[in-house]
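The chain contents come next:
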Amino acid sequence: MMYPDTVSVGALMSLYESTPHMVLYDKDMEIKNPQTEELLRKWGSRLNPLDVVLQSVISRVAESIAEKSLAPSQDISLVNARFRDMAITVVRREAEGDEDFLTRLHDCWLTEFKTTLMNLVSTEHMTVDEAIYRLAMRFRISATSTTRAIQSLLTVR
Amino acid sequence: MLSITDALKLAKEIGFARIARYATFAAKLVVPFGIWYLIAQWIGKSIFVFSYAIPGVVGSVIEMSFFGSQIYFAGSYDYAIMKRIENAGQMFASPGERIAKQYEQECDKILVPYLYTVPLATGGLGPKFFPSTKAGRITSLLNAVVETYLSYSIITLLYDNRKFIREVFGNRMFGLYFITASQATIGWVTSYSVPTFAVMLIILLYAIHRDAHTLSELTEFPTRARILLYFVSLFSVNASLNLACCRLIDIPRAIKAHQYSLTYRPFVDPLTVHLIIQQAVRNVEGSTCNVTFYSYKQLTLERLEQIAVMVRSDRRIPRLLRFIASKHPGAQVLEMANRENPSLYLGTIDNRCLFVGLVMYWPDEKIRVGRFYFDNVYVRVEFHKIMQTERDRSRQLEEELPRSFKSLIESMEKR
């Protein structure tokens with residue numbers, strides 16, 4: 001399956017509107033992926049929390065690529081190291097071709113994250129723990145990363 | 001003697017929700033006995049005639065053994081699931097539309113029965129069957145009469161055999177093990193300890209009120225049914241013994257669960273589970289496993305009815321869960337599914353299942369709970385170790401956030 005040559009920030013953000021209800025994680029997934037680690041080392045320190053944004057976008061793009069490859073009508077995604085590497089390539093290609101891409105991605109992602117968080121106000125009996133769970137689920141990141149993203153919203157931007 | 005600060009600290013460590021659950025359980029067990037005791041004191045003991053009570057005693061014993069065994073099977077369902085995975089291997093090896101559909105159905109059959117285990121676990125199953133139709137109201141009334149009669153029968157049986165019970169509790173062998181705990185419990189009821197009894201009564205009334213409140217959120221719950229619920233629960237020795245009996249029968253399962261399962265409350269980290277279990281299996285077995293994450297995004301009534309038919313016809317699912325699936329109106333289950341928002345994790349090597357994870361929101365306690373079951377204790381230990389490191393890191397960061405969601409939003413709005 002091919003992913004478009006250029007991907008806009010808007011297109012990446014629209015991926016969060018719908019997530020698959022079944023995700024299959026293949027055996028070759030690892031807690032620390034060398035490629036992601038390298039990418040995060042290279043760009044992650046530029047903006048706070050760019051590493052969280054990249055983790056989130058890479059996970060969602062990998063799911064989206066996998067979704068297109070497997071039973072498209074079933075809303076199922078089979079994620080493996082290959083799809084993850086492809087997702088990293090997609091983000092890397094954009095970041096290397098456009099200097100401002102990462103800044104725009106970072107800002108858009110945080111705005112989307114904040115909007116989702118603020119929308120949770122309407123939910124009855126919402127707690128901080130439950131908010132972290134829901135945000136982690138929607139943005140495909142760990143609880144630690146979610147907490148860091150919330151913290152970054154609380155500091156002056 | 002504990003100071004108030006120490007007691008609060010201890011209560012916080014144990015968890016207020018857990019303490020409330022145990023206090024409710026104790027109140028449900030003790031208060032109805034106390035009320036019958038007071039009735040006997042006021043009206044006289046001549047109302048307890050054993051020959052009137054025989055059918056009730058038989059009915060109660062049958063009910064207790066049936067529900068006790070079914071609760072055991074329903075509770076053991078987690079472990080039974082592990083032996084029943086049939087499509088995971090093929091799903092990962094050669095995925096396609098047909099196998100994806102079969103695998104999805106397999107996941108449905110695991111997940112949907114769990115929607116019924118939350119009311120089972122919180123003890124609020126009974127009230128959920130009070131429908132608001134005329135036939136439902138008549139059934140509720142009959143249920144209340146039968147329940148009160150069964151309670152009367154049990155009290156009559158105990159009264160009729162009071163000498164024997166006294167001998168049993170007076171016996172040195174039994175005395176050594178049971179007398180302290182039993183006397184402490186019975187002491188509350190019989191020693192006219194009014195403040196203690198009053199506190200227990202308030203807890204019981206609160207528990208009933210909470211059950212009724214949960215029910216009224218799910219369905220149209222008439223006020224008269226609520227009054228009936230209060231009335232029956234106050235006298236319901238039968239339900240108390242049923243509850244105690246179920247807990248006793250459940251002990252072997254609970255011991256196994258202690259060795260093979262882990263529970264996290266609150267559970268906040270859905271996207272790290274697959275990495276942790278893969279790492280844990282890799283550390284123990286050398287090679288790792290595939291992980292499936294399954295949840296309901298848009299569950300419709302029509303789809304739910306289809307799943308319910310599958311659940312009802314699958315003989316491997318415990319009878320009690322199938323019974324509830326057949327009796328629960330689809331709209332209520334849909335409501336429960338939306339509120340509890342359950343999701344499932346399966347860790348598999350081909351069709352061998354090493355790990356089942358169930359994450360569910362418990363509306364009564366307003367907390368998301370993650371329960372994980374393991375094929376062997378080694379993977380469990382490894383999983384716990386890695387998960388603990390992740391949780392500690394997350395907790396450390398979380399401590400810097402405002403404690404309540406409201407204040408979090410307020411501080412965000414100020415920025």
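Residues numbered from 1 in each chain as written. Chains lettered and ligands numbered in written order. Predicted model: local features only at pLDDT ≥ 70, side-chain atom pairs only at ≥ 80, totals over all residues. Heavy atoms only, no water.

1. Details of the pairing of strand β5 (residues 367-374) of chain B
Residue and element names in this part refer to chain B. In plain terms, the rule: Relative accessibility under 20% of the residue-type maximum defines a buried residue, over 50% an exposed one, and the middle range a partly exposed one, all with a 1.4 Å probe and only protein chains included. Numbering of helices and strands starts at the N terminus; helices are DSSP runs of H or I of at least 4 residues and strands are runs of E of at least 2. Paired strands are those between which DSSP finds at least two bridges.
In terms of burial, β5 is largely enclosed, as six of its eight residues are buried. Of the pairings in the sheet, the one linking strand β1 (residues 261-264) to β5 comprises four bridges and is antiparallel in character. When the bridges of β5 are listed, T263 appears paired with R371. For strand β4 (residues 352-362) and β5, the ladder comprises eight bridges, and the chain directions are antiparallel. By the bridge assignment, W362 is partnered in β5 with I367. Here β4 folds back onto β5 in antiparallel fashion, the turn holding four residues, of which K366 has a positive phi close to 55°.

2. A word on a nonpolar patch on the surface
Residue and element names in this part refer to chain B. Put simply, the rule is: Candidates for patches are residues over 30% relative accessible area with no salt bridge; among them, like charges are joined within 9 Å and nonpolar side chains (Val, Leu, Ile, Met, Phe, Trp, Tyr) within 5 Å. Note on areas: Shrake-Rupley with a 1.4 Å probe; residue coverage comes only from the protein chains shown. One speaks of a salt bridge when a side-chain nitrogen belonging to Lys or Arg is within 4 Å of a carboxyl oxygen belonging to Asp or Glu.
On the surface, I4, L8, L10, I14, F16 and I19 cluster together into a nonpolar patch covering about 590 Å² of accessible area. Counting only elements with at least two residues in the nonpolar patch, the list comes to α1 (4-14) and α2 (16-43). Sort the elements by how many residues they give to the nonpolar patch and α1 lands first, with four residues. Turning to its location among the elements, I4 is positioned in helix α1.

3. With respect to unusual backbone geometry
With the exception of glycine, the majority of residues adopt a negative phi angle, and the majority of peptide bonds are in the trans configuration. Residue and element names in this part refer to chain B. Here the bond from R265 into P266 is cis, since omega is -5°, no more than 30 degrees from zero. Assignment of secondary structure puts P266 in the loop between β1 and α15 (273-285). Despite not being glycine, D350 shows a phi value in the positive range, around 55°. By the secondary structure assignment, D350 is in the loop between β3 (343-349) and β4.

4. Concerning the nonpolar core
Filter applied, for reference: The definition of a nonpolar core used throughout is a set of buried Ala, Val, Leu, Ile, Met, Phe, Trp, Tyr and Cys residues joined through side-chain atoms within 4.5 Å. The contact criterion used throughout is that any non-hydrogen atoms of two residues lie within 4.5 Å.
Membership of the largest hydrophobic core comes to 78 residues, with the highest contact counts inside it found for L105, W109, L117 and I150 of chain A together with F372 and F383 of chain B. The leading source of residues in this core is helix α3 (residues 50-69) of chain A, at ten residues. Ignoring sequence-local partners within four residues, the contact set of L117 of chain A consists of A131, L135, I150 and L153 of chain A together with F405, L408, I409 and M412 of chain B. Counting 45 residues, the second-largest nonpolar core is a separate cluster that includes Y79, I85, Y296 and M360 of chain B.

5. Notes on the pairing of strand β1 (residues 22-25) of chain A
Side-chain alternation along β1 of chain A places M22 and L24 of chain A on one buried face and V23 and Y25 of chain A on a second face that is also buried. Judged from the four bridges that link them, β1 of chain A and strand β2 (residues 290-295) of chain B form a sheet pairing that is antiparallel. If you follow Y25 of chain A over to β2 of chain B, its bridge partner there is V291 of chain B. Pairing geometry for β1 of chain A and strand β2 (residues 76-79) of chain A, over four bridges, is parallel. The residue of β2 of chain A that forms the bridge with Y25 of chain A is V79 of chain A.

6. Let's talk about a positive patch on the surface
What counts here: His is not counted here, nor are the chain ends, while Lys and Arg score as positive and Asp and Glu score as negative. Just so you know, the charge point we use is NZ for Lys, CZ for Arg, CG for Asp and CD for Glu.
Residues K45, R162, K163 and R166 of chain B make up a contiguous surface patch of positive charge. Among the secondary structure elements, K163 of chain B is positioned in helix α9 (residues 162-170).

7. What about the interface of chain B and chain A?
Definition in use: A simple way to read buried area is as the amount of 1.4 Å-probe accessible surface that goes missing from two parts once joined, with both sides added. Counted as a polar contact is a pair of N or O atoms within 3.5 Å, where, for protein atoms, one must be capable of donating a hydrogen and the other of accepting one, and residues adjacent in sequence contribute only when both atoms are in side chains. Any residue outside Ala, Val, Leu, Ile, Met, Phe, Trp, Tyr, Cys, Pro, Asp, Glu, Lys and Arg is labelled polar, Gly included; the first ten of those are nonpolar and the last four are charged.
Listed per partner, the contact involves 55 residues of chain B and 51 residues of chain A. Counting the surface lost from both chain B and chain A, the interface buries some 4,700 Å², and carbon and sulfur atoms represent 65% of this. Broken down residue by residue, the surface that chain B buries against chain A is led by L271, F405 and M412 of chain B, which jointly contribute 15%. Seen at the junction of chain B and chain A, the total is two salt bridges. The closest approach of N and O atoms between E130 of chain A and R368 of chain B, which form a salt bridge, is 2.6 Å. Between the two partners, chain B and chain A, sit ten residue pairs in polar contact (both at pLDDT 80 or more). Elements that contribute at least two residues to the side of chain B that touches chain A include exactly α5 (88-93), α6 (97-111), α15, β2, β3, β4, α19 (377-398) and α20 (405-414) of chain B. A breakdown of the residues in the side of chain B that touches chain A according to their chemical character gives 26 nonpolar, 13 polar and 16 charged.

8. Looking at the packing of helix α7 (residues 143-154) of chain A against α19 of chain B
Heads up, the rule is: The angle between two axes is taken between their N-to-C directions and runs from 0 to 180 degrees, where each axis is a line fitted to C-alpha atoms and a helix contributes only its stretch in contact. Should an angle fall under 35 degrees it is taken as roughly parallel, and over 145 as roughly antiparallel, whereas 65 to 115 is taken as roughly perpendicular and any remaining angle as oblique. Handedness of a crossing is defined here by the sense of rotation of the near helix relative to the far one, left-handed for an anticlockwise turn of less than a right angle and right-handed for a clockwise turn.
Contact pair α7 of chain A / α19 of chain B: the axes reach a minimum separation of 9 Å and the direction vectors enclose 15°. Here α7 of chain A is positioned roughly parallel relative to α19 of chain B, judged by the angle of their axes. Both α7 of chain A and α19 of chain B take part in a crossing whose hand is left-handed. Along its contact with α7 of chain A, which presents A143, T144, T147, R148 and Q151 of chain A, the element α19 of chain B presents E390, R393, S394, L397 and E398 of chain B.

9. A few points about the side chain of H274 of chain B
Here H274 of chain B shows up in helix α15. For H274 of chain B, a relative accessible area of 5% gives the class buried. Residues contacting H274 of chain B, with those up to four places away along its chain left out, are Y25 of chain A together with V291 of chain B.

10. A look at the confidence of the model for chain A
Test applied: Residue-level confidence of the predictor is summarised by pLDDT, bounded by 0 at the bottom and 100 at the top.
Here chain A averages 83 in pLDDT, and 83% of its residues register 70 or above. Looking over chain A, one finds the lowest element-wise mean pLDDT in helix α2 (residues 34-43) of chain A, namely 69, and the highest in helix α6 (residues 128-139) of chain A, namely 92.

11. Some words on helix α16 (residues 301-313) of chain B
All names here are of chain B. Our working rule: Helices are assigned an expected span. That span is 1.5 Å times one less than the residue count. This arc is built from the directions going out from the helix axis to the C-beta atoms.
Here α16 spans 18 Å end to end across 13 residues, near enough to the 18 Å set by a 1.5 Å rise per residue. Turning to α16, its buried residues number three or more, namely L304, I307, A308, M310 and V311. Along α16, the residues classed as buried sweep out an arc of 160° about the axis, all on the same side. Turned more than 90 degrees off the buried face of α16, the exposed positions are E302 and S313.

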